[in-house]
Amino acid sequence: RGAPLLARLRSAHSRIEELIVVFLWLARHDRPEGEMRRESARDVVARVVQTLEQQEGRPLHGLQITVVGTHEVVHVPPLADIVVRNLLHNALRHGVGGAITVEIAPDAILIENLEPADDEPSTRDHGFGQSIVDDLCRRFGWQVTFERRAGRYSARLTTRSTKS
């Protein structure tokens, strides 16, 4: 009984730390140009998955990562992780049976999950985390779009990238 509670406390603590980092950074920076670095999109996704697994205290079953192209994401660490983590966490939370597909394309990261049959478009709440994601994407020159089709819900994060 104690282990699941401890995992939930660690997860909550980590999310609070992330929010503090985001808020401090957003309060101090108008344009991130001086702090930008290049990193493989695959490495960003792998780090986020590892963090989520540590916070959950278990592997993320049902997660499939497919690399169909490579690119370097131009970002400010750890803010890119926060954006990808939010999108992946939402897919895990709202998906059916934990079946999540993460596709790393030449210009984007696509996260898809199966949707419950009764999930109406009006009932999906993106919440406070989506506001943070939208603001960070705007500052980085990225774009996040959402799409529903045939029982699937997808988030596409198009990044400022350089082909590698």
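Residues numbered from 1 in each chain as written. Predicted model: local features only at pLDDT ≥ 70, side-chain atom pairs only at ≥ 80, totals over all residues. Heavy atoms only, no water.

Engineer: Just checking my understanding: could you explain the pattern of salt bridges for this structure?
Structural biologist: Charged atoms that come close allow side chains of opposite charge to pair. This model, assessed by the stated rule, comprises 8 salt bridges. A salt bridge links Arg156 to Asp107, with the nearest nitrogen and oxygen atoms 3.2 Å apart. Separated by 49 residues along the polypeptide, Arg156 in strand β7 (residues 152-158) and Asp107 in the loop between β4 (100-104) and β5 (108-114) bring together distant segments of the chain. Given the relative accessible area of 29%, Arg156 is considered partly exposed. The closest approach of N and O atoms between Asp135 and Arg139, which form a salt bridge, is 3.2 Å. Here the residue Asp135 and the residue Arg139 both occupy positions in helix α4 (residues 127-140), the gap between them amounting to 4 residues, near one helical turn. (Salt bridge = Lys/Arg side-chain N within 4 Å of Asp/Glu carboxyl O. Helix = DSSP H or I, 4+ residues; strand = E, 2+ residues; numbered from the N terminus. Buried < 20%, exposed > 50% of the residue type's maximum accessible area, 1.4 Å probe, protein only.)

Engineer: Just checking my understanding: could you explain the environment of Arg148 for this structure?
Structural biologist: Positionally, Arg148 belongs in strand β6 (residues 143-149). The class for Arg148 is partly exposed, based on a relative accessible area of 29%. Between the C-alpha atom of Arg148 and that of Asn113, which follows or precedes it by 35 residues, the distance is 9.9 Å.

Engineer: Even after reading the chapter, I still don't get the packing of aromatic side chains, so can you show me in this structure?
Structural biologist: Remark: the centre distance and the inter-plane angle together describe each pair of aromatic rings, the angle taken between the planes. Enumeration over the complete set of coordinates arrives at 2 aromatic pairs. Plain terms: the ring middles of Phe140 and Trp142 are 4.8 Å apart, the flat faces sit at 55 degrees to each other, and that makes the pair tilted. This pair shows no difference in class: Phe140 is buried, exactly as Trp142 is. Aromatic side chains Phe146 and Tyr153 sit 6.1 Å apart centroid to centroid with 25 degrees between the ring planes, which places their arrangement in the stacked category. (Phe/Tyr/Trp six-rings, centres within 6.5 Å; stacked < 30°, edge-to-face > 60°.)

Engineer: What is the right way to look at the nonpolar core in this model?
Structural biologist: The nonpolar side chains of a soluble globular protein tend to be buried, and buried together. Formed by 37 residues in total, the largest nonpolar core has its most connected members in Leu88 and Leu136. Here this core takes 8 residues from helix α3 (residues 79-94), the largest share from any one element. Beyond its immediate sequence surroundings of up to four residues, Leu136 is in contact with Val22, Trp25, Leu26, Leu79, Ile82 and Val83. (Core = buried A, V, L, I, M, F, W, Y, C linked by side-chain atoms within 4.5 Å. Contact = heavy atoms within 4.5 Å.)

Engineer: What should I look at first to understand the environment of Arg47 in this one?
Structural biologist: For Arg47, the position within the fold is in helix α2 (residues 41-56). Linking Arg47 and Arg85, residues 38 residues apart in sequence, is a C-alpha distance of 9.4 Å. The residues contacting Arg47, other than those within four sequence positions of it, are Arg37, Glu39, His75 and Asp81.

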